[in-house]
Amino acid sequence: MKKMKVIAAACLTASLLFAGCGNKQAEQTALDGKTLPEIIDLIYEQKDPGLSVGTMEIDLGDPSSLQYSTGLDSADGIEAAAVSEAMISAQAYSMVLVRTGEDADTEAVAKRMKEGIDPAKWICVQADDMEVSGYGDVAMLIMVSSELSDSVTAEEITEAFRTVCGGQLDFEL
């Protein structure tokens, strides 16, 4: 009988430990199972940019599109990328999400994005409000003109991303 109680206690302890690990894993993977366009939609549920925007996946095999949208000069370490931009080209607004590969350093990719993006890529307008952040295997770059601050700011979109990620981000650059 004593042996059964010890075994039962050991089993209970093990199951509680595994349950705790499972909860931690779920917190760390809040974006798992979601496509990048789905994550963008979740961000917009938290903060509507107040602009007419369009979202599209980026063809990683098209180097010029990749550079224009993400600031990255190659797709090394990238599994997917999506961009949401203002439908009116005279409004400087762009949010891009990149999902890194299994062995890639998401923060390093985000730094490359920040260094490589052209905030004056539009005709006659420029973004002067930019934030780059990340959670798990997803990096987000948001840039917007401060002229649109009555509708949306980079900080507001970053805060919406934080909410979608369960209240925390792994890094902000």
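The residue count restarts for each chain, going from 1 along the sequence in the order it is written. Whole-chain, interface and lining totals are the exception, using all residues; otherwise, since this is a predicted model, local features are given only for residues with pLDDT of at least 70 and side-chain atom pairs are given and counted only at 80 or more. Hydrogens and water are ignored here; the side-chain numbers use all heavy atoms of the structure.

### Comments concerning the confidence of the model for the protein chain
Short version of the rule: The pLDDT value expresses, per residue, how confident the predictor is, ranging between 0 and 100. Throughout, a contact is declared for two residues whenever any of their heavy atoms are within 4.5 Å.
Of all residues in the protein chain, 83% have pLDDT values of 70 or greater, and the mean over the chain is 85. Here residues 4-28 scores under 50 on pLDDT; set against residues more than four positions off or in separate chains, the count is two contacts.

### As for the pattern of salt bridges
Two side chains of opposite charge can pair, provided their charged atoms sit close to one another. Rules: We define a salt bridge as a contact between a side-chain nitrogen of Lys or Arg and a carboxyl oxygen of Asp or Glu at a distance within 4 Å. For helices the rule is a DSSP run of H or I covering at least 4 residues; for strands it is a run of E covering at least 2, with both sets numbered from the N terminus onward. Burial here depends on accessible area, computed with a 1.4 Å probe over protein chains only, as a share of the maximum for the residue type. Under 20% is buried, over 50% is exposed, and the range in between is partly exposed.
In total, this model carries five salt bridges according to the counting rule given. Arg99 is paired through a salt bridge with Asp137; the nearest N and O atoms lie 3.3 Å apart. Linking Arg99 in strand β3 (residues 93-100) with Asp137 in the loop between β4 (129-135) and β5 (138-144), this pair joins segments that are 38 residues apart in sequence. Owing to a relative accessible area of 12%, Arg99 belongs among the buried residues under this scheme. Using a relative accessible area of 24% as the deciding quantity, one classes Asp137 as partly exposed. We note a salt bridge from Glu172 to Arg162, for which the minimum N-O separation is 3.0 Å.

### Topic: the pairing of β5
To keep it simple, the criterion reads: Whether two strands pair comes down to DSSP finding at least two bridges between them.
β5 sits mainly inside the fold: seven of its seven residues count as buried. Alternating positions in β5 separate into two faces, Val138, Met140, Ile142 and Val144 on one and Ala139, Leu141 and Met143 on the other, with burial throughout. In terms of strand pairing, β3 meets β5 through seven bridges, oriented antiparallel. Paired with Val96 across the two strands is Leu141, which belongs to β5. Two strands pair when backbone bridges link them, and β4 and β5 are joined in this way by seven bridges, in the antiparallel orientation. Of the residues in β5, the one forming a bridge with Asp129 is Val144. Joining the antiparallel neighbours β4 and β5 is a turn of two residues, in which Gly136 adopts a positive phi near 60 degrees.

### With respect to the side chain of Thr106
The topology assignment puts Thr106 in helix α4 (residues 106-116). For Thr106, a relative accessible area of 9% translates into the label buried. In this view, Thr106 contacts Thr100, Gly136, Asp137, Val138, Ala139 and Phe171; residues no more than four positions away in its chain are not counted.

### Digging into helix α3 (residues 63-70)
Stated precisely, the cut-off is as follows: Working note: the arc is built from the helix axis to C-beta atom directions.
Every buried residue belonging to α3 is among Ser65, Leu66, Ser69 and Thr70, and all of these are buried. Along the axis of α3, the buried positions cluster into a sector of 100 degrees, meaning they face one direction only. Exposed side chains of α3 directed beyond 90 degrees from the buried face belong to Pro63 and Ser64. Buried-residue contacts for α3 involve β2 (78-86), β3 and α4. Once α3 ends, the next one or two residues include Gly71, with phi positive near 85 degrees.

### Observations regarding helix α5 (residues 154-164)
For α5, the full list of buried residues reads Ala154, Ile157, Thr158, Ala160, Phe161, Arg162 and Val164. A positive backbone phi angle near 85 degrees is found at Gly166, which sits one or two residues after α5.

### Section: the nonpolar core
Note the cut-off: Nonpolar core, defined: a set of buried Ala, Val, Leu, Ile, Met, Phe, Trp, Tyr and Cys residues in which side-chain atoms within 4.5 Å join the residues together.
Counting 26 residues, the largest nonpolar core has Ile43, Tyr93, Met95, Ile157 and Phe161 as its most contacted members. Every element with two or more residues in this core is listed here: α2 (36-46), β2, β3, β5 and α5. In contact with Ile157, not counting residues within four places along its chain, are Ile43, Tyr44, Lys47, Tyr93, Met95, Met140, Ile142 and Val152.

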